[in-house]
Amino acid sequence: MIIAIDGPAASGKGTLGRRLAAQFGYRHLDTGLLYRAVAKAVLDAGKDADERATAIRAARAFDPACLGDPALKSDPVGNMASVVSAIPEVRAALIEFQRSFAAAPPGAVLDGRDIGTVIAPQAEVKIFLTASPEERARRRARELENRGEAADYDAILADIRSRDARDASRAVAPFKPADDAHVLDTTQLDADGAFAAALALIERNKR
Ligand code: DC
């Protein structure tokens, strides 16, 4: 079985994906990390390098061994990931790895922006996880504070809004719910509530 979870920045899809994978004994792939790895290569190359060419080269040379790098989680890398993910050649270079991951037994949970629409349109269950931009900004600020880092709520909210707009307006694989996705709004739910709601949804819909 393939479970597709799509959702905007800071919607909690990584947390939900990990918990669902553990519940069913499946493997989990946070596909945002692939675009983040490409973004980090661009940032590491510096301002003078050709951003587009560096991104395409990094995507074609993608090595899953880098997925555990904690540096991929930073907000500057996330913002650059939103930029490089609009480059069609970058998306094309990363499709095969994601599709093979999804197809390998015993089953997989993938989270991202285009899992239900492009990567695994055949997924048995598609969840579109969302929450208001304000709630997502509050969660992100809380996460940073818990790590002892400075959190500027207004700047985080502005970042979230601009990433939402960029991800939804790009020409290739724009971020939108699949026609057959189940929308799960977690604005009023905590992580346990989202997990319980997703489990109920999977039980009702798995084929
Ligand atoms: O989910 P995230 O914040 O780690 O994603 C970082 C960026 O990567 C996001 O702004 C858009 C892009 N992305 C994408 O285009 N397609 C995916 N399947 C996952 C992420």
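Quick note: structure is the one above.
Residues numbered from 1 in each chain as written. Predicted model: local features only at pLDDT ≥ 70, side-chain atom pairs only at ≥ 80, totals over all residues. Heavy atoms only, no water.

**Q** For the overall build of the protein chain, give the residues involved together with the corresponding values.
**A** Regarding its fold elements, the protein chain presents nine helices and five strands. When the elements of the protein chain are put in sequence order from the N terminus, they spell out β-α-β-α-α-α-α-β-α-β-α-α-β-α. Taken over C-alpha atoms, the radius of gyration comes to 16 Å for the protein chain, in line with the 17 Å a tight globule of 207 residues would show. Once the C-alpha set of the protein chain is aligned to its principal axes, its extents read approximately 50 × 35 × 30 Å. Put simply, the protein chain has 207 residues, and 46% of those count as buried. At a minimum sequence separation of 6, the contacts of the protein chain that also span at least 24 residues come to 79%. Taken as a whole, the protein chain presents about 9,800 Å² of accessible surface, with 53% of it coming from carbon and sulfur. The distance from the centre of the 29 positive side-chain charges to the centre of the 30 negative ones in the protein chain is 3 Å. (Helix = DSSP H or I, 4+ residues; strand = E, 2+ residues; numbered from the N terminus. Rg over C-alpha atoms; globule rule 2.2 N^0.38 Å. Buried < 20%, exposed > 50% of the residue type's maximum accessible area, 1.4 Å probe, protein only. Contact = heavy atoms within 4.5 Å. Areas by Shrake-Rupley, 256 points an atom, 1.4 Å probe, with all protein chains shown as cover. Lys, Arg positive; Asp, Glu negative; His and termini not counted. Charge placed at Lys NZ, Arg CZ, Asp CG, Glu CD.)

**Q** So what about the pattern of salt bridges? Which residues, and what values?
**A** Evaluation of the coordinates by the stated rule reveals 16 salt bridges. Taking the shortest distance from any N to any O, the salt bridge between Asp69 and Lys40 comes out at 3.8 Å. Note that Asp69 is positioned in the loop between helix 3 (51-60) and helix 4 (75-84) and Lys40 in helix 2 (residues 32-45), a separation of 29 residues in sequence. Taking the shortest distance from any N to any O, the salt bridge between Glu143 and Arg147 comes out at 3.8 Å. With a relative accessible area of 39%, Glu143 lands in the partly exposed category. On the basis of relative accessible area, Arg147 is assigned to the partly exposed category, the value being 44%. Look at the salt bridges and you will find they share partners, linking Asp75, Arg140, Glu143, Arg147 and Glu149 into a network. (Salt bridge = Lys/Arg side-chain N within 4 Å of Asp/Glu carboxyl O.)

**Q** Give me the site of the ligand: which residues, what numbers.
**A** Around the ligand there are 15 residues in total, and Arg36, Arg91, Arg113, Arg163 and Arg170 lie nearest to it. Interatomic distance of 2.8 Å between a side-chain N/O atom of Asp167 and an oxygen atom of the ligand. With the chains in place, 96% of the 450 Å² that the ligand exposes on its own is no longer accessible. Given that more than half its atoms are within 2 Å of the pocket grid, the ligand belongs to the largest pocket. Contributions of two or more residues to the shell around the ligand are made by helix 2, helix 4 and helix 8 (153-169). Broken down by element, the residue count for the shell around the ligand peaks at three residues, all from helix 2. Residue composition of the shell around the ligand, by class: two nonpolar, five polar and eight charged. (Near = heavy atom within 4 Å. Polar contact = N/O pair within 3.5 Å; in protein donor to acceptor, adjacent residues only side chain to side chain. 1 Å grid on protein atoms, 1.4 Å probe; cavity = no way out; pocket = protein on both sides within 12 Å on 5 of 7 lines; lining within 4 Å. Sits in = over half its atoms within 2 Å of the grid points. Nonpolar A, V, L, I, M, F, W, Y, C, P; charged D, E, K, R; others polar.)

**Q** Quick rundown of the nonpolar core? Include the residues and the values.
**A** By size, the foremost hydrophobic cluster in this structure holds 32 residues, and its most contacted members are Val38, Ala55, Val84, Val90, Leu94 and Leu110. Those elements giving two or more residues to this core turn out to be strand 1 (2-6), helix 2, helix 3, helix 4, helix 5 (88-103), strand 3 (108-112) and helix 6 (115-119). Of all the elements, helix 2 adds the most residues to this core, at seven residues. If sequence neighbours within four positions are ignored, Ala55 has contacts with Val38, Val42, Val84, Ile87 and Val90. Formed by 15 residues, the second largest nonpolar core is a distinct cluster that contains Tyr26, Ile127, Ala198 and Ile202. (Core = buried A, V, L, I, M, F, W, Y, C linked by side-chain atoms within 4.5 Å.)

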